[in-house]
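# Fold and contact review
Each chain is listed here by its residues.
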Amino acid sequence: MEKQVYISEVEREKCRKVAEAYSELYEEDDILVLDAGRYGFVKLQYYRPSVGFDGVTTFTDSQKLFDSLWEEWRNTQLLMFVKGTPMAEMDYEEMLKSMPKEKQRELLEKRNYFAQKAGIM
């Protein structure tokens, strides 16, 4: 019986680059991206010692992995920016719109940095 492969070698390499580009995210947040072989790449998040990871998402498309990791990184930055302020009650889009334009530009530049590092651009 032939084993089913869910990700091409080309996408596997692209996903590997995306995972490596976001390596700093893994230090800041409880997220980890692992190569799951023929199944693709798995994003693990919300670690609890007694249970393990609460969130498990599998990716076989590098752009979708990039977008997901970008959203996690951006949301972490937004939460750090508004911590201890009334803005902390806003949703992420409201937080972003309420930030100074310069800070918004910095976030966009960081997205471009990750895209270049991952070879997406």
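Provided above is the structure to which this section pertains.
None of these values were measured; they are calculated from a predicted model.

## Looking at the nonpolar core
Grouped burial of nonpolar side chains is what soluble globular proteins tend to show. Core analysis: the biggest nonpolar cluster contains 27 residues, and Tyr 22, Tyr 26, Leu 65, Phe 66 and Leu 69 have the highest contact counts within it. Those elements that provide at least two residues to this core are α1 (9–21), α2 (23–28), β1 (31–35), α3 (62–82), α4 (92–98) and α5 (101–118). Broken down by element, this core gets its largest block of residues, seven residues, from α3. Residues contacting Tyr 26, with those up to four places away along its chain left out, are Ala 19, Ile 31, Leu 32, Val 33 and Leu 69.

## Considerations on the pattern of salt bridges
If the charged atoms of two oppositely charged side chains come close together, the side chains can form a pair. According to the stated counting rule, one finds 12 salt bridges in the structure shown. Here Glu 102 makes a salt bridge to Arg 105, at a shortest N to O gap of 2.9 Å. Taken as a pair, Glu 102 and Arg 105 lie in helix α5 at a separation of three residues, close to a single helical turn. By relative accessible area, which is 43% here, Glu 102 ends up partly exposed. What makes Arg 105 partly exposed here is its relative accessible area of 44%. Note that Lys 103 and Glu 106 form a salt bridge whose closest N and O atoms lie 3.7 Å from each other. Of this pair, Lys 103 and Glu 106 both sit in helix α5, three residues apart, roughly one helical turn.

About the cut-offs
Residues numbered from 1 in each chain as written. Predicted model: local features only at pLDDT ≥ 70, side-chain atom pairs only at ≥ 80, totals over all residues. Heavy atoms only, no water. Core = buried A, V, L, I, M, F, W, Y, C linked by side-chain atoms within 4.5 Å. Buried < 20%, exposed > 50% of the residue type's maximum accessible area, 1.4 Å probe, protein only. Helix = DSSP H or I, 4+ residues; strand = E, 2+ residues; numbered from the N terminus. Contact = heavy atoms within 4.5 Å. Salt bridge = Lys/Arg side-chain N within 4 Å of Asp/Glu carboxyl O.

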